[in-house]
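Examination of the molecular architecture
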Amino acid sequence: MNTRDMILDLSYTFGNTEQHIFPVILLGKRDVVLVDCGYPGSLFMIEEQLRRHNIEPSALTKLVLTHQDDDHMGAAAELKEKYPAVQVLASHTEALYISGRRKNLRLQQGETLQHQLPDEQKAFGEQFCERYRNLRPVLPDILLHDADRFDWGGGCEILATPGHTPGHIAIRSLDNEYMITGDAAVLVENELAIANPEFCLDLTAAKNSLEKIIQFQCRHYICYHGGILER
Ligand SMILES: [Zn+2]
C-alpha cells in the first residue's frame, strides 16, 4: 500500500501563508473512512480530493474525528448534512465537546487567554474565539475506545493519545505500516514533535502520548500537520 494514496491534501491561505493539512482515507471491507475533515467550509475540497482518488463522496460511510479542534472537525456538520448516511466516530471524551454538550475546550482556553493578551493581539484572540463560537457541532454516532479494532486500511486499532485534548485518538495499522497521528504528533523538519506545546491542554500527557506512538516504530507516520514521515 502506498501511504501517499491515502492522504487528502487540503490547502488554506491565511494572510501570506499557505497551510496544508492532511486528512486520511482508509478502505475497509464495507467502509470508506475519512479521518478528520478540515476547517468549516472545506467540504468542496474534500469532495474534489476524494474524486481525485477515484472515490465518489457519496461512497463515504464513516468520518473519524481525532479530536475537537476546528481544523479537524470543522466540516463535519456540513459533510453530515449533505451525506446523512455517513456515521461520525469519536472518543467518548471528545464526543462531549464535538456534539456541543460541553463547551469546546479550545474556546474555553481562548477565552481565558484573551484577558492576558497584549492589546495588539486582542483582535486576533477575539477572532479566534468567534471562530470557535461559530463552529457547528455534530453528534457522533459511534464512540471509540482505546484498542478498538477495525478492518480499515488492512486492519487498524484506535490508540488513546491524550494531551493535545483529553480524548484525542490516533490510529495505528496492526502491522505497524502506518500511524495516523492526528495532532498527537506534528512533523517538523522530519522529526515527530508535540503540536503547539504552549496550547497543549495537558503537556505531560501529550509527551507520554508522543512517546507511545514513537515506540511502535511504524514505517509511516501520517501527520495531519506536516505530512508523512517515512522510516
Ligand atoms: Zn490540528
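This report concerns the structure included in the present document. (Residues numbered from 1 in each chain as written. Predicted model: local features only at pLDDT ≥ 70, side-chain atom pairs only at ≥ 80, totals over all residues.)

**Considerations on the overall build of the chain**
Selection criterion: Segments assigned H or I by DSSP are reported as helices when at least four residues long, segments assigned E as strands when at least two residues long, and all are numbered from the N terminus. Each residue is classed by its C-beta neighbour count within 10 Å, where at least 20 other C-beta atoms makes it buried, 12 or fewer makes it exposed, and intermediate counts make it partly exposed; the C-beta atoms are placed from backbone geometry. Residues are scored as being in contact if the C-beta atoms we place from backbone atoms lie within 7 Å.
Secondary structure assignment for the chain yields seven helices and 15 strands. Buried residues in the chain amount to 42% of all 231 residues. Taking the intrachain contacts of the chain between residues at least 6 apart in sequence as the baseline, contacts between residues at least 24 apart amount to 65%.

**Thoughts on the environment of Glu18**
Inspection of the secondary structure puts Glu18 in strand 2 (residues 17-21). In this structure, Glu18 is in contact with Ser11 and Thr13, ignoring residues within four places of it in sequence.

**What to know about helix 6 (residues 119-133)**
Heads up, the condition is: How far a helix is expected to stretch is found by multiplying one less than its residue total by 1.5 Å.
With 15 residues, helix 6 ought to run about 21 Å at 1.5 Å a step, and its terminal C-alpha atoms sit 21 Å apart, in line with that. Of all 15 residues in helix 6, one are buried; the element is thus mostly exposed.

**Comments concerning helix 5 (residues 105-114)**
For clarity, the cut-off: The arc refers to the directions leading from the helix axis to the C-beta atoms.
Those residues of helix 5 not exposed but buried are Leu105, Arg106 and Gly110. Taken around the axis of helix 5, the buried residues stretch over an arc of 140°, which confines them to a single face. Where helix 5 is buried, its residues touch helix 4 (92-98) and helix 6.

**Some details on the sheet that holds strand 5 (residues 62-64)**
Filter applied, for reference: At least two DSSP bridges between two strands are needed for those strands to be called paired. Orientation is described by lines fitted to C-alpha atoms, with helices fitted over the stretch in contact, and by angles between N-to-C directions that extend from 0 to 180 degrees.
The five strands lie next to each other as 3-4-5-6-7, forming an open sheet whose pairing is mixed. The sheet is open, and its two borders are formed by strand 3 (24-27) and strand 7 (142-144), each paired with just one other strand. On average, each strand axis in the sheet is inclined to that of its neighbour by 25°, with strand direction left out of account. In terms of strand pairing, strand 4 (residues 32-35) meets strand 5 through three bridges, oriented parallel.

**Description of the pairing of strand 15 (residues 227-230)**
Pairing between strand 14 (residues 220-223) and strand 15: four bridges, direction antiparallel. What sits directly across from His220, in strand 15, is Glu230. Hairpin connection from strand 14 to strand 15: three residues lie between these consecutive antiparallel strands, with Gly226 at a positive phi of about 120°.

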